[in-house]
Amino acid sequence: MKVQAKVTEPEQVSPPIAKASKPLSKPNISSGFSINSFMSKEEKTDEKEKTVIVNTGDLPEHHFTDTDIQTEWTILLKTLRSKDPVVFNAIKAFKLAKIDEKIIEISYPSDSAKSEFDKISIEFFNHFKHKVNNHSIIFEFKKDHENLKIEIMTTKKIFEKFVEMNPLLKELDDLMRFDLS
């Protein structure tokens, strides 16, 4: 008897196809300026702004002086001089003054300087409130571009100021012909 055996080759089974729940490619991210986003932001700014009212009734309200303000401002400027010279140069002309028991007025020369100050203002305000232990302080901004201009003093300008104080220096300059350029 002859038995015939049939040999079958094993079927090649392909692995199951995995389906992704999310797309594998990165979504389109716009880089740069988009007119549509600018238009939508402009429309949103027309809406009424919400004001946030913080209840500071049960927070401490200790007394502080104008010296406290000037001391902390000087410390801030010293740290910014080495840490962030761009912000330092923008805000070094700011003047802080205590107007009332809870109000501090900050005079600034330009809007660009104020925008640089806005980067660090929250940190400074919180630090100052904790330092003097008075959390009901209100900071008011006042644009004062005339009084806060920083004039670069050249040797000629310095000499002219001295001539105003002592007119004999003008005669000395005429005689000696100083080079003040």
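The shown structure was predicted, so the numbers you read here are calculated from the model rather than taken from an experiment.

Chemist: Please explain the nonpolar core as it appears in this structure.
Modeler: Soluble globular proteins: nonpolar side chains tend toward being buried together. Core analysis: the biggest nonpolar cluster contains 24 residues, and Trp73, Ile91, Phe94, Ile104, Ile106, Phe117 and Phe128 have the highest contact counts within it. Mapped by element, the contributors of at least two residues to this core are α2 (66–83), α3 (85–91), β2 (103–108) and α4 (111–132). The element that contributes the greatest number of residues to this core is α4, accounting for seven residues. Setting aside its immediate chain neighbours within four residues, Phe128 contacts Phe64, Asp68, Ile69, Glu72, Ile104, Ile137 and Phe139.

Chemist: What should I look at first to understand the confidence of the model for the protein chain in this one?
Modeler: Parts of the model with low pLDDT should not have their predicted coordinates read in detail. Scored by pLDDT, the protein chain comes out at a mean of 78, with 67% of its residues at no less than 70. Per-element confidence in the protein chain ranges from a low mean pLDDT of 62 for helix α1 (residues 35–45) to a high of 91 for α2. Considering only residues more than four positions removed or in separate chains, one finds that residues 45–49, a stretch of pLDDT under 50, has zero contacts.

Chemist: For this particular structure, what's the right way to read the layout of surface pockets?
Modeler: Where empty space is left becomes clear once a probe the size of a water molecule has been rolled over the atoms. Here the largest pocket defines a volume of roughly 260 Å³. The set of elements that each furnish at least two residues to the lining of the largest pocket consists of α2 and α4. Among the elements that take part in the lining of the largest pocket, α2 stands out by supplying six residues, more than any other. Classifying every residue of the lining of the largest pocket gives five nonpolar, two polar and four charged.

Chemist: What is the right way to read the pairing of strand β3 (residues 138–143) from this model?
Modeler: On a regular strand, each side chain points to the face opposite its neighbour's, so the side chains alternate between the two faces of the sheet. Across six bridges, β2 lies against β3 in parallel orientation. Residue Ile106 lies in a different strand from β3, and its bridge partner there is Phe141. With α4 bridging β2 and the parallel β3, this β-α-β connection has right-handed handedness.

Calculation rules
- Residues numbered from 1 in each chain as written.
- Predicted model: local features only at pLDDT ≥ 70, side-chain atom pairs only at ≥ 80, totals over all residues.
- Heavy atoms only, no water.
- Core = buried A, V, L, I, M, F, W, Y, C linked by side-chain atoms within 4.5 Å.
- Buried < 20%, exposed > 50% of the residue type's maximum accessible area, 1.4 Å probe, protein only.
- Helix = DSSP H or I, 4+ residues; strand = E, 2+ residues; numbered from the N terminus.
- Contact = heavy atoms within 4.5 Å.
- pLDDT = per-residue confidence, 0-100.
- 1 Å grid on protein atoms, 1.4 Å probe; cavity = no way out; pocket = protein on both sides within 12 Å on 5 of 7 lines; lining within 4 Å.
- Points joined across faces, edges and corners; volume = space filled by probe spheres on them.
- Nonpolar A, V, L, I, M, F, W, Y, C, P; charged D, E, K, R; others polar.
- Pairing = 2+ DSSP bridges.
- Right-handed = clockwise from strand over helix to strand, strands pointing away.

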